[in-house]
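# Structural description and commentary
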Amino acid sequence: MKHIFDFYSQKQQNLLMEPLIFKIKLIILAWVHFRSRSGPISLVKHFSYRDIKKATDGFRRIVYNSSKRVAYRAKFQNGHAAIVKEVHASEDQDDATFYREVQLLGQLHHRHIAALNGFSSGPKRFLVLENLEKGSLKEHLSDPLMTPLNWRIRLQIAVGIAAALEYLHFFCDPPMYHVSVSSSTIMLDENFTAKLCDVRLLCSVENNKPLPKSKCSKECRDEICKHTIFQLGLLILELVTGQSSEDGGVDLVQWVQDSRFRRRSIHQMIDPDLGDSYDFKELKGLLAVAKMCVQSIHKPTIKTPQILWYLQKKLGRTQVVC
């Protein structure tokens, strides 16, 4: 009887160990892949320039366009839909460095960061991102033909983007990424989940090593972090008012800095699409965070975890699903 008990006991221990062994194997395989320097990336698909051109209808299906970046809506021959973003490489970035950067971007996994599904190299370089059916946040805030975003979705966007910035700055290796935070470069999926679509490495990398610290100093990282938080403040103001300072409208930064958040003043500024369908206490909390973000550009750096924590506290939330 004891032998039978020992047999089943050992079998039970083996069953318990199998998932752990499997996880360890996965970690080892991921590490081996990460350390590999054998050319182009195997985790994401490589597309030819011809594939990209055909899928974007000759680069005519523009999602957003600015002096620094352009993105297209694409539909490939197999029916796969995606967002294609053109990459303007720096002069000193060769193919090996670009492949390494794509590899690192492909390892980002966050609910509020657009997943990288592929890339195209050559004279022109492109990143192929997941399909985001609802288009850009800017369209929903400024286009009268689009369905207005309700208050709950706007809150979720603010908290979600703050959580994504915390992830990029504190939970990645390398930990610093350059991000464009604006309504133009934030896209929405079918469930209106906001996704950052313009993420790049702060420092180019080659041979698994960052550039010398002199080119990516702590002061430089702090300044970029300040600028990112400032952009987050502008985004929150745009979510509240439906207006953008970039469009030559009201100076939102000046308004939020001078505002004492009285009901009448806020009512004059709030997006008419919201009507009265919002929580005034949450609104004041959101504006307080926006004010802190835009003022941080002139003060010692406030870290993104502090912004996220304060945002959650002001909105009465302790957790965010990311």
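An account of the accompanying structure is given in this report. (Residues numbered from 1 in each chain as written. Predicted model: local features only at pLDDT ≥ 70, side-chain atom pairs only at ≥ 80, totals over all residues. Heavy atoms only, no water.)

Bringing unusual backbone geometry into the picture now. Positioned with a positive phi, Asp57 is a non-glycine residue whose angle comes to about 55°. Along the chain, the position of Asp57 falls in the loop between α2 (49–55) and β2 (62–65). A positive phi is found at Phe192, a non-glycine position, where the angle reads about 65°. Here Phe192 lies in the loop between β9 (186–188) and β10 (194–196). (Helix = DSSP H or I, 4+ residues; strand = E, 2+ residues; numbered from the N terminus.)

Turning next to the nonpolar core. In terms of nonpolar packing, the biggest core is built from 80 residues, with Ile161, Leu168, Tyr177 and Leu196 touching the most fellow members. Top element by residues in this core is helix α5 (residues 151–170). It accounts for 13 residues. In terms of nonpolar packing, the next biggest core, distinct from the first, is built from twelve residues, Phe47, Phe59, Ala82 and Phe126 among them. (Core = buried A, V, L, I, M, F, W, Y, C linked by side-chain atoms within 4.5 Å. Buried < 20%, exposed > 50% of the residue type's maximum accessible area, 1.4 Å probe, protein only.)

The next point concerns the sheet that holds strand β6 (residues 125–129). One key point about sheets: their strands pair by backbone hydrogen bonds, in either a parallel or an antiparallel sense. The strand order across the open sheet built from six strands is β1-β5-β6-β4-β3-β2, with neighbouring strands paired in mixed fashion. If you trace the sheet from one side to the other, it starts and ends with β1 (45–46) and β2, each paired once. The pairing of strand β5 (residues 116–120) with β6 spans four bridges and is antiparallel. Along β6, the bridge assignment pairs Gly118 with Val128. Taken strand by strand, helix α3 (residues 95–106) contacts β4 (81–87), β5 and β6, and its axis lies near 170° from that of β5. (Pairing = 2+ DSSP bridges. Contact = heavy atoms within 4.5 Å. Axes fitted to C-alpha atoms, helices over the stretch in contact; angles between N-to-C directions.)

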